[in-house]
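# Notes for the structure review
Below, each chain spelled out in residue letters.
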There are 2 protein chains.
Amino acid sequence: MSEFPSDGVSDRAPLSPERIELAALALIEREGLGGFSIRKLAAALGCKAMSIYHYYPSKGHLLDALVDQALADLLPLPPAELGWRTRLRQAALDWRRMALRRPGLFLFLATHRMNTPLALRWLDDLLALVRGGCASEEEAARLFRAIGYFLAGAGLDETAGYARGPSTVTPVPPEALARDYPNVTAAARWFAPDEREATFLRGLDALLDGWAAQRPDATQ
Amino acid sequence: MSEFPSDGVSDRAPLSPERIELAALALIEREGLGGFSIRKLAAALGCKAMSIYHYYPSKGHLLDALVDQALADLLPLPPAELGWRTRLRQAALDWRRMALRRPGLFLFLATHRMNTPLALRWLDDLLALVRGGCASEEEAARLFRAIGYFLAGAGLDETAGYARGPSTVTPVPPEALARDYPNVTAAARWFAPDEREATFLRGLDALLDGWAAQRPDATQ
DNA sequence: CTGTCAAGACGTACAGTGTACGGAACCTGA
DNA sequence: TCAGGTTCCGTACACTGTACGTCTTGACAG
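Residues numbered from 1 in each chain as written. Chains lettered and ligands numbered in written order. Predicted model: local features only at pLDDT ≥ 70, side-chain atom pairs only at ≥ 80, totals over all residues.

## Section: the overall build of chain A
The number of helices and strands found in chain A is 11 helices and 0 strands. Its helices and strands taken in sequence order, chain A reads α-α-α-α-α-α-α-α-α-α-α from the N to the C terminus. Out of the 220 residues in chain A, the part that is buried amounts to 31%. A separation threshold of at least 6 residues defines the contact pool for chain A, and within that pool the share at least 24 residues apart is 70%. (Helix = DSSP H or I, 4+ residues; strand = E, 2+ residues; numbered from the N terminus. Buried ≥ 20, exposed ≤ 12 C-beta atoms within 10 Å, placed from the backbone. Contact = placed C-beta atoms within 7 Å.)

## So, the environment of Leu82(B)
Assignment of secondary structure puts Leu82(B) in the loop between helix H4 (59-72) and helix H5 (84-101). Separated by 91 residues in the primary sequence, Leu82(B) and Pro173(B) have C-alpha atoms spaced 49 Å apart.

## A closer look at the relation of the copies chain B and chain A
Look at the two chain copies: a rotation about an axis and a shift along it is all it takes to match them. Of the two same-sequence chains, chain B is brought onto chain A (RMSD 0.1 Å, axial shift 0.0 Å) by a rotation of 180°. Look at the turn and shift together and you get a two-fold axis relating the two. A high fraction, 99%, of the interface residues of chain B reappear at the interface in chain A, so the copies pair face to face through one surface. (Least-squares fit on C-alpha atoms with pLDDT ≥ 70 in both.)

## What about the interface of chain B and chain A?
Listed per partner, the contact involves 68 residues of chain B and 67 residues of chain A. Of all the secondary-structure elements, those providing two or more residues to the side of chain B that touches chain A are H4, helix H6 (103-111), helix H7 (117-131), helix H8 (137-159), helix H10 (182-188) and helix H11 (196-213) of chain B. By residue number, the principal contributor to the side of chain B that touches chain A is H8(B), which donates 17 residues. Classifying every residue of the side of chain B that touches chain A by side-chain character gives 36 nonpolar, 19 polar and 13 charged. (Nonpolar A, V, L, I, M, F, W, Y, C, P; charged D, E, K, R; others polar.)

## Overview of the packing of helix H1 (residues 17-31) of chain B against helix H2 (residues 38-45) of chain B
Residues and elements named next belong to chain B. In contact at an axis separation of 10 Å, H1 and H2 are set at 115° when each is read in the N-to-C sense. For the element pair H1 / H2, the angle class is roughly perpendicular. Pair H1 / H2 crosses with right-handed handedness. Along the contact surface, H1 presents Arg 19, Ile 20, Ala 23, Ala 24 and Leu 27, while H2 presents Lys 40, Leu 41, Ala 44 and Leu 45. Taken together, the residues of the contact of H1 with H2 sort by class into 7 nonpolar, no polar and 2 charged. (Axes fitted to C-alpha atoms, helices over the stretch in contact; angles between N-to-C directions. Parallel < 35°, antiparallel > 145°, perpendicular 65-115°, else oblique. Left-handed = near helix turned anticlockwise from the far one by under 90°.)

## Details of H6(B)
Residue pairs three or four apart in sequence face the same way in an α-helix, which turns once every 3.6 residues. For H6(B), a buried count of 7 out of 9 residues is recorded, marking the element as mostly surrounded by other parts of the structure. By the burial criterion, the buried members of H6(B) are Gly104(B), Leu105(B), Phe106(B), Leu107(B), Phe108(B), Leu109(B) and Ala110(B). Contact partners of the buried residues in H6(B): helix H6 (103-111) and helix H8 (137-159) of chain A together with H1, H4, H5 and H8 of chain B.

## What about the environment of Leu15(B)?
Residue and element names in this part refer to chain B. Among the structural elements, Leu 15 can be located in the segment before H1. Its 17 C-beta neighbours within 10 Å are what place Leu 15 among the partly exposed residues. In this structure, the C-alpha to C-alpha distance between Leu 15 and Ser 51, residues 36 residues apart in sequence, is 8.4 Å.

## What to know about the packing of helix H5 (residues 84-101) of chain A against helix H11 (residues 196-213) of chain A
All names here are of chain A. Relative orientation of the contacting elements H5 and H11 amounts to 145°, with a least axis distance of 11 Å. For the crossing formed where H5 meets H11, the hand is right-handed. Across the interface between the two elements, Arg 85, Leu 88, Arg 89, Ala 92 and Arg 96 from H5 touch Phe 200, Leu 204 and Leu 208 from H11. For the contact of H5 with H11, the residue count by class is 5 nonpolar, no polar and 3 charged.

## With respect to unusual backbone geometry
Looking along the chain, the bond that leaves Leu75(A) and enters Pro76(A) is cis, with omega of 0°. Among the secondary structure elements, Pro76(A) is positioned in the loop between helix H4 (59-72) and H5.

## A look at the confidence of the model for chain A
Across chain A, the average pLDDT comes to 90, with 88% of residues at 70 or higher. The low-confidence segment residues 1-10 of chain A (pLDDT under 50) makes 0 contacts with residues lying over four places distant or belonging to another chain. (pLDDT = per-residue confidence, 0-100.)

## Observations regarding the environment of Arg121(A)
Take Arg121(A): it is sitting in helix H7 (residues 117-131). C-alpha separation for the pair Arg121(A) and Ala72(A), spaced 49 residues apart in sequence, amounts to 10.0 Å.

What follows is the structure, given as structure tokens:
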């Protein structure tokens, strides 16, 4: 609020939601979601754990604020001039870029219900976009859901390395993998990070093409 | 191992991987993944926490064993006589049914890398199945991935209520939702549990149809 | 200049977590 | 009877989220 901090104050910057959320995002990307704790966040901020609870009633509320920050990058949606298909593709690509920019947070983001006003705003706008290219509310709702499934799964795959959750089981050694699982071995090349954008677009386009090609009367 | 427990033994059944995993699965479905702890599992088994560590080196290893149990339901894959498309659809429906049978575990299952031999066996067989209907290794790998994205997202959506993770933020009240988010409100009907199987099949078929329709030479 | 007061930061404490380590109880084979 | 190995348990440690009460500090009223 005051532009100049009065000089008697301690040399640490005062706490604020912006500062806390910025540090939290950095900590999550550095340590992973599992390594993120209020105490570590407080240490990074140069304050004590309980001070953070003056701004957020619980860790969950803080994480929801971080989700809002991430979703804010996705608004507004691509402009209407681009046309339906292009807007949808662009929104999907924006989502993917957001996931790759915040791989640590993404697991939480994709896994939890979005209840905040900003998240609902984004959902509502997106539904309006999808509706524009569909013959009915039902078609729009189902296509929205199907695309959402694809986007959630893709984002999780591309950010899974950052989970850092429960300890990993001892992996199968490479030579056993090559011997016993030839199809996995053969496919591994196309699972590499460099290939993921192509797979993402191929799958998204297939979904949209296939959706348009189906007769919309058959609900079964 | 011994068919009859010797009679001097305590009246509690002895620990075993089967008993532990059964109780763990039940506990996870009862309390959710977040409410699952080694101490609670021990209490349910009538033993102490550290006894469980005699069978699993860590909680993560136990969870991996549970994933194996869940994936075991998916093997063998649907028989070859059914034809490619039908087999793929059936395998996808089997996956969905497994998710709905173990909603509490599914979050962990979909979120963590599958490294165990059984999981790799399942992946390898599934890749072989997909390969049978594709023109190249590349096509098969990408289609497999795209289907996997869809399946992971769908399963998460259908089991999200069981997350019970971090506390939920205070939700937007219904009248504000109806006023400010008309598209969400309009679509809600098609998001209901009863509609999910139809959405699932519609999306899956769209993806498969669209994939087949695309020219396989264009990697872009 | 001084007293009041609320907001912000902190200290302490509690219940719960995974799990390392060492010891106790038991079953089995000699 | 005794040795040895398999199970199981008691204790302890580091860490978590967070409830509750206290202290500091800066702004403002008189």
